[in-house]
Amino acid sequence: MAKKGRKPIPKTQRELSVDQQVPLNENGPGFQSVGNPNNSTQLNRGEQVSFNGDTYKPFSVGIQDIDEAVHYYFTNVIRPFVIQNGTRIEVPVIYGSPEKWASFQKFGYFRDSQGKIMMPIIMFKRDNIEKVRTVANKLDANYPNNTAIHRQSYSSKNAYDNFSVLNNVRPEKVNYAIVVPDYLTLTYSCAINTYYMEQLNKIVEAIEYASDSYWGDPSRYKFRAMIDSFAIKTELSDKEERTVSSTFNIKLNGYIIPDIIQKDATALKKIPDVTRIIVTEQVTNNINNNQ
């Protein structure tokens, strides 16, 4: 019975989820030794180290992060522009959702919310994701066994100064175990629309020069992108706008560490180094004697 005046502690989302899980056969072979891997009572608290004040944090890399890396490189590094009527115009870069891409392929151009044709413009979309098994393998998705170990070079909480040298105190080194990610090859389809061939040439030159480099935000993630060819087409029909377009594909080498239910197994692990504690012993005949 709960004590009077004490509020009950609500269950966490993990505890509520575990309560709803009913195993198919609790008496099955191997279940009794392993148990429910999602049960919080089976967690080893000794392996849960706090990351407060640490520059290394648990993270995840998803497919959307790779899409944002491509968009970031287009808008902040390549920064395509054209000169029209003596004015420098920044070329907008948008991600082609299914509706936008279908409209772009059907009419050969893209209209904004007010029905105005947007030119020049660059549109890209993700076509294919292919798994690469020749680089690395985490051996088991549910219980990753292949990790990379990184050692932190300096910690403000455990500095190594002259006082430590005099007292023969060595700083504690902290290691970080990072699970090997899933390496992927992503393919993007891109299209460029302009009014004049001269404008298109400038954009194609800038994008081609950026090929075979690492695209992305330097403060986050970067992935190597490769472009092999550009297809150029000019269309001019009656009662329609003249369009000069180019299509090309980006082959990008990326990786993912998804934020899934196995997050505890795939997250960053903090492993303190082995330390030594020296305890000196003193013996006295009289406890009241301070000498």
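Since this is a predicted model, take the numbers as computed values, not measurements.

So, how was this worked out
What you see as residue numbers is a count from 1 along each chain, following the sequence as written. Predicted model: local features are reported for residues with pLDDT of at least 70 only, side-chain atom pairs are reported and counted for 80 or more only, and whole-chain, interface and lining totals are derived from all residues. The side-chain numbers reported here are obtained from all heavy atoms of the structure, hydrogens and water having been left aside. Under the DSSP-based scheme used, a helix requires at least four consecutive residues in state H or I and a strand at least two consecutive residues in state E, with every element numbered from the N terminus. Any residue under 20% of the maximum accessible area for its type is buried, any over 50% is exposed, and the rest in between are partly exposed; the area is computed with a 1.4 Å probe on protein chains only. Note on definitions: a residue-residue contact is assigned when non-hydrogen atoms from the two residues lie within 4.5 Å. The accessible surface values rely on the Shrake-Rupley method and a 1.4 Å probe; as for residues, cover is taken only from the protein chains in view. Only one rule defines a salt bridge in this text: a Lys or Arg side-chain nitrogen within 4 Å of an Asp or Glu carboxyl oxygen. The pairing criterion for strands is at least two bridges between them, as found by DSSP. What a helix is expected to span follows from its residue count: subtract one and scale by 1.5 Å. Throughout, bend refers to the angle between the axes fitted to the seven residues that end at a position and the seven residues that start at it.

A.B. asks: Describe the overall build of the chain, naming the residues involved and giving the relevant values.
C.D. replies: Assigned secondary structure in the chain consists of seven helices and twelve strands. The buried share of the chain, taken over its 291 residues, is 29%. Here the analysis covers contacts within the chain between residues at least 6 apart in sequence; of these, 71% occur between residues at least 24 apart. Carbon together with sulfur atoms contributes 50% to the accessible area of the chain, which is approximately 21000 Å² in total.

A.B. asks: Give a description of the pattern of salt bridges that names residues and reports values.
C.D. replies: Applying the stated criterion across every chain yields a total of six salt bridges. With a shortest N-O distance of 2.3 Å, Lys125 and Asp127 are connected by a salt bridge. Asp127 sits in the partly exposed class, given a relative accessible area of 38%. In this structure, Lys131 and Asp182 form a salt bridge, with 3.3 Å as the shortest nitrogen-oxygen distance. Taken together, the residues span a long stretch of sequence, with Lys131 in strand β4 (residues 121-131) and Asp182 in strand β7 (residues 182-194) at a distance of 51 residues. Connected through salt bridges with shared partners, the residues Asp65, Glu68 and Arg220 form a single ionic network.

A.B. asks: Talk me through unusual backbone geometry; I want residue IDs and the actual numbers.
C.D. replies: Backbone geometry places Arg79, a non-glycine residue, at a positive phi of 50°. Phi angles above zero are rare outside glycine, and Asn85 is one such case at about 55°. Summarising the element assignment, Asn85 is placed in the loop between β1 (81-84) and β2 (87-90). Asn85 gets classed as exposed once you look at its relative accessible area, which sits at 76%.

A.B. asks: Now, about the environment of Lys202: what can you tell me, with residues and values included?
C.D. replies: As for its position among the elements, Lys202 is in helix α6 (residues 197-209). Taking the C-alpha atoms as reference points, Lys202 and Val82, 120 residues apart in sequence, are found 7.3 Å from one another.

A.B. asks: Just give me the short version of the environment of Arg242, but keep the residues and values in it.
C.D. replies: One can find Arg242 in the loop between β10 (230-235) and β11 (243-256). A sequence separation of 48 residues divides Arg242 from Thr194, and the C-alpha atoms of the two residues are 8.7 Å apart. Discounting residues that sit within four places of it in the chain, Arg242 has contacts with Met119, Thr194, Tyr195, Tyr196, Glu235 and Leu236.

A.B. asks: Please provide a residue-by-residue account of the pairing of β1, values included.
C.D. replies: Residues Val82 and Gln84 point to one face of β1 and are all buried, whereas Phe81 and Ile83, pointing to the other face, are not buried. With four bridges connecting them, β1 and β2 associate as antiparallel partners. Within β2, the position partnered with Val82 by the bridge is Ile89. Linking two consecutive strands that pair antiparallel, namely β1 and β2, is a turn of two residues; a positive phi of about 55° is found at Asn85 within it.

A.B. asks: How would you explain helix α3 (residues 63-78) if you had to name every residue and give the values?
C.D. replies: Between the first and last C-alpha of α3 there are 22 Å, a value that for 16 residues agrees with the 22 Å anticipated at 1.5 Å per step. A maximum bend of about 25° is found in α3 at Tyr72. Looking at α3, one finds that the buried residues are Asp65, Ile66, Asp67, Ala69, Val70, Tyr73, Phe74 and Ile78. Two residues or fewer after α3 comes Arg79, characterised by a positive phi angle close to 50°.

A.B. asks: Run through the pairing of strand β8 (residues 213-216), naming residues and quoting values.
C.D. replies: Each regular strand displays side chains that alternate between the two surfaces of the sheet. As judged from the four bridges shared by β8 and strand β9 (residues 222-226), these two strands associate in the antiparallel manner. Looking at the pairing, Trp215 lines up with Phe223 of β9. Hairpin connection, β8 to β9: the antiparallel pair is bridged by five residues.

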